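# Structural overview
Here is what each chain is made of, one letter per residue.
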Amino acid sequence: RLLGSRRSLGSQGSTSKPSPRTLAFSMSSPPAKRAKVCGDGAAPELVQERIAILDAGSQFGKVIDRRVRELKVFSEIVPLGTPAAELLRDGYSALIISGGPGTANAPDAPAYDPALFSCGLPVLGICYGMQMLNHHFKGTVEKKGQREDGQEEIDVVTSCPLFAGLDSKQKVLLTHGDTVEAVASGFSTIAKSGALCAGIGCDKRKLYGVQFHPEVDLSVNGMAMLRNFLFGVCGLQGLFTPASREDQCVQQIRERVGKSKVLCLVSGGVDSTVCCALLAKALGPEQVVAAHIDNGFMRLNESALVGESLKSLGVQLRVYDCEEDFLSATTEVCNPRTKVRYTTKPLRETPEPEDKRRIIGDTFMHVSERIQRELGLDPNNTYLAQGTLRPDLIESASSLVSSKADAIKTHHNDTELVRELRKKGRVIEPLMDYHKDEVRELGMNLGLPKELVMRQPFPGPGLGVRLICLREPYVGDDFQKTNTAVQDIVALEAVPSERQAFRELVEKTYGSNASRLHGSGLSATVLPFKTVGVQGDGRTYSYPCVLSGPGKPDWPLLMEFARLIPKVCHNINRVVYCFGGPL
């Protein structure tokens, strides 16, 4: 939903434009370290208009990058700690500071060069970037009693250049726990979400911060805001035209692989299938050994559909039934908090989602090595190919894309074992700069059937993770209190007098017209297990809340409760609806 359909954008700026240079990039290095090489083979050259996206650890960092490029401005993701002098030397026109899981006033807050805000470049801080901006200029940032996680309607100051041409009411995505309390001297409030500050700005210095995420589709006019910053505030023209990414990928695959064989692991999902089709186009089917490892947790008829699709492209898919290998597998992992290494339980016994993911990922690697031996492939002359996407690496907190991102979940294609193979140069991942919608578009261009390319995403670990499989319920010390709280929220009009303070908190958090929530007829209960979520660019592992009720669901009202409950109950990170009457 956040990475939905791409917009078709017209050219910006003057009608008389110089011919843009076409740029190509090396796939073997992370984006922040890639040399820019002109498409005609000439020496590296500075682009006329360049934006630096300073990475504070956002889960949406690459989305910002994409949106800026869609507006025909060249952009690069660079470390947050990059010195301002280096940014000026490299010819950047403006800076965007991403969101992140950190706290701006914490002792361990990510380091940055204070000269960023006095070097003369326009700056747009997003989410954590806004808090960092405000804190730098001696404003205050506090953790409030309410969170904001979801699409909200905010009020904006239309005279601010960021919101030029927009209405005063805007729907945007907010996801944060920390909030700007006192706005720094020299800045003004340019947006509010109820009583909370949602934007600050200093027109004189061209420094702006927004608490919401303009880069995602849930911020309805987010692209217009980015356009206002790039062309209105920064005075850019939009001269960048990217080269064909498919042609770039094909060329880079050929240069890197040469005459070697490639063992492509096809999990059954869209990403690995498109990766295999791209390799077949670049190298020819005879160089690509496609292996579908059935881990026993896939969808019905998964193998047959993928096999037929690749067969039409001349690729012969080898299917290996490895269900028992996976069910009985264990692996060694490092506890991220204590740094102590331990051996997991077998996959069929562990309920821990991170352990499951690491077991499945490492077992894929062990099975692939066995397949190489069975097929007589030379490990020193064979590449392992994966359909790794950009979000996989971001969510796994891979150093390939971010040094600041919080690890949301370990992807099966980015475990410790995979990272070791990368260091040895044995892994090729041609889609690592792509997002899901871009992969779908590429798959269609490669000739894969629409019913495969447009399928609902399904995780590589499959039902191994999606089935919770708890032997005992998880009931923490806060379970009963949280359960009472969610029941009160869906029946505010019936809250007893001894909990009136809680009712007032809920009504204040919801805002005006809280009476709309009265008489919902809904039931709410906390489920006795934990699920993984993303809140404020950080990983949460908390209770889900289930809503239910008689009759036909009132979806707009359910969405109101789905937004409200996590705001009030910070240990709820997922709200679901159960059909079939009240629970």
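## A few points about helix H12 (residues 436-445)
Inspection of H12 places Asp437, Glu438, Val439, Arg440, Leu442 and Gly443 among the buried residues, and these make up the whole buried set. If you follow the buried residues of H12, they end up packed against helix H1 (61-70), helix H5 (245-257), helix H6 (270-283) and helix H13 (450-453).

## A short note on the packing of aromatic side chains
Centre distance and the angle of the planes are the two values used to describe a pair of aromatic rings. The full count for this structure, using the stated rule, is nine aromatic pairs. Between the aromatic rings of phenylalanine 479 and tyrosine 543, the centroid separation amounts to 5.5 Å while the plane-to-plane angle is 70°, which identifies the pairing as edge-to-face. Residue phenylalanine 479 is found in helix H15 (residues 479-489), and its partner tyrosine 543 is found in strand S21 (residues 538-548); the two are separated by 64 residues along the sequence. Accessibility assignment for this pair places phenylalanine 479 and tyrosine 543 in one class, buried. Through a chain of ring-to-ring contacts, the aromatic side chains of Tyr112, Phe117, Phe137 and Phe187 assemble into a single cluster.

## Topic: the nonpolar core
Counting residues in hydrophobic clusters, the biggest one holds 36 residues, and the most contacted among them are Ile51, Ile96, Leu124, Leu162, Phe163, Phe229 and Leu230. With eight residues, helix H4 (residues 222-233) is the largest single contributor of residues to this core. For phenylalanine 229, the residues in contact, after removing those within four places along its chain, are Ala94, Leu95, Ile96, Pro122, Val123, Leu124, Leu162 and Cys234. Counting residues in hydrophobic clusters, the runner-up holds 34 residues, among them Val262, Val266, Tyr383 and Leu431.

## Focus: the confidence of the model for the protein chain
Considering every residue of the protein chain, the mean pLDDT works out to 82; 84% of them sit at 70 or more. Segment residues 1-46: pLDDT under 50, and 103 contacts once partners within four positions in sequence are set aside and those in other chains are kept. Here residues 391-413 is modelled with pLDDT under 50, and outside its nearest four sequence neighbours on either side it reaches 87 contacts, counting other chains as well.

## Structural notes on the side chain of aspartate 178
For aspartate 178, the position within the fold is in strand S8 (residues 169-180). Judged by relative accessible area, which is 7%, aspartate 178 ranks as buried. Among the polar contacts listed, one links the side chain of aspartate 178 to the side chain of threonine 103, at a separation of 3.1 Å. Excluding anything up to four places from it in sequence, aspartate 178 contacts Gly102, Thr103, Gln131, Val141, Glu142, Lys143 and Gln211.

Thresholds, definitions, all that
Residues numbered from 1 in each chain as written. Predicted model: local features only at pLDDT ≥ 70, side-chain atom pairs only at ≥ 80, totals over all residues. Heavy atoms only, no water. Buried < 20%, exposed > 50% of the residue type's maximum accessible area, 1.4 Å probe, protein only. Helix = DSSP H or I, 4+ residues; strand = E, 2+ residues; numbered from the N terminus. Contact = heavy atoms within 4.5 Å. Phe/Tyr/Trp six-rings, centres within 6.5 Å; stacked < 30°, edge-to-face > 60°. Core = buried A, V, L, I, M, F, W, Y, C linked by side-chain atoms within 4.5 Å. pLDDT = per-residue confidence, 0-100. Polar contact = N/O pair within 3.5 Å; in protein donor to acceptor, adjacent residues only side chain to side chain.

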